[in-house]
Amino acid sequence: MPKLRATTFRESHRSFTEALDKHGVTYSRIIQLSEAPMASGILLEITITGGWGVLAVACLAWAHARKSRKINVTTKDNKAIWLEGYSADEAEKILESAKQFAVIDTKADEET
């Protein structure tokens, strides 16, 4: 089964994993140790069991819930794509070509 890594930043981890759970997307948290400084995100490994479309719907639902939520996809050919304004079918194709993606929420829950 294909796997895809996602890094959750700032306030996004709890709400994004809740969205994955709601849509039945399987994931696990990855602990990565390093001697060098690293970005301060929480790394998830998502297992694509129900097809890329399920992940696309979960990502779009999460991002559309609040304007402060963004998903940045890095494709296998190193292009960066903000996952906004796309249909579920288009998002599915983008995620299928992804090497990784970042999940960002710029506002805490109590700020909304």
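As shown above, the structure is provided for reference.
From a predicted model like this one, the values you see are computed outputs, not experimental measurements.

1. Concerning the sheet that holds strand E1 (residues 3-10)
- Judged by pairing direction, the sheet is mixed, and its six strands sit side by side in the order E2-E3-E1-E6-E4-E5 without closing on themselves. Here the strands that pair on one side only, and so sit at the sheet edges, are strand E2 (26-30) and strand E5 (80-82). Ignoring strand direction, the axes of neighbouring strands in this sheet form an average angle of 25°.
- Relative to E5, strand E4 (residues 69-75) is paired through three bridges, and the arrangement is antiparallel.

2. As for the environment of Ile81
- Inspection of the secondary structure assignment puts Ile81 in strand E5.
- Separated by 17 residues in the primary sequence, Ile81 and Ala98 place their C-alpha atoms 9.5 Å from one another.
- Sequence-distant contacts of Ile81, defined by excluding residues within four places in its chain, comprise Ile71, Asn72, Val73, Thr75, Tyr86 and Ile94.

Procedures and definitions
Residues numbered from 1 in each chain as written. Predicted model: local features only at pLDDT ≥ 70, side-chain atom pairs only at ≥ 80, totals over all residues. Heavy atoms only, no water. Pairing = 2+ DSSP bridges. Helix = DSSP H or I, 4+ residues; strand = E, 2+ residues; numbered from the N terminus. Axes fitted to C-alpha atoms, helices over the stretch in contact; angles between N-to-C directions. Contact = heavy atoms within 4.5 Å.

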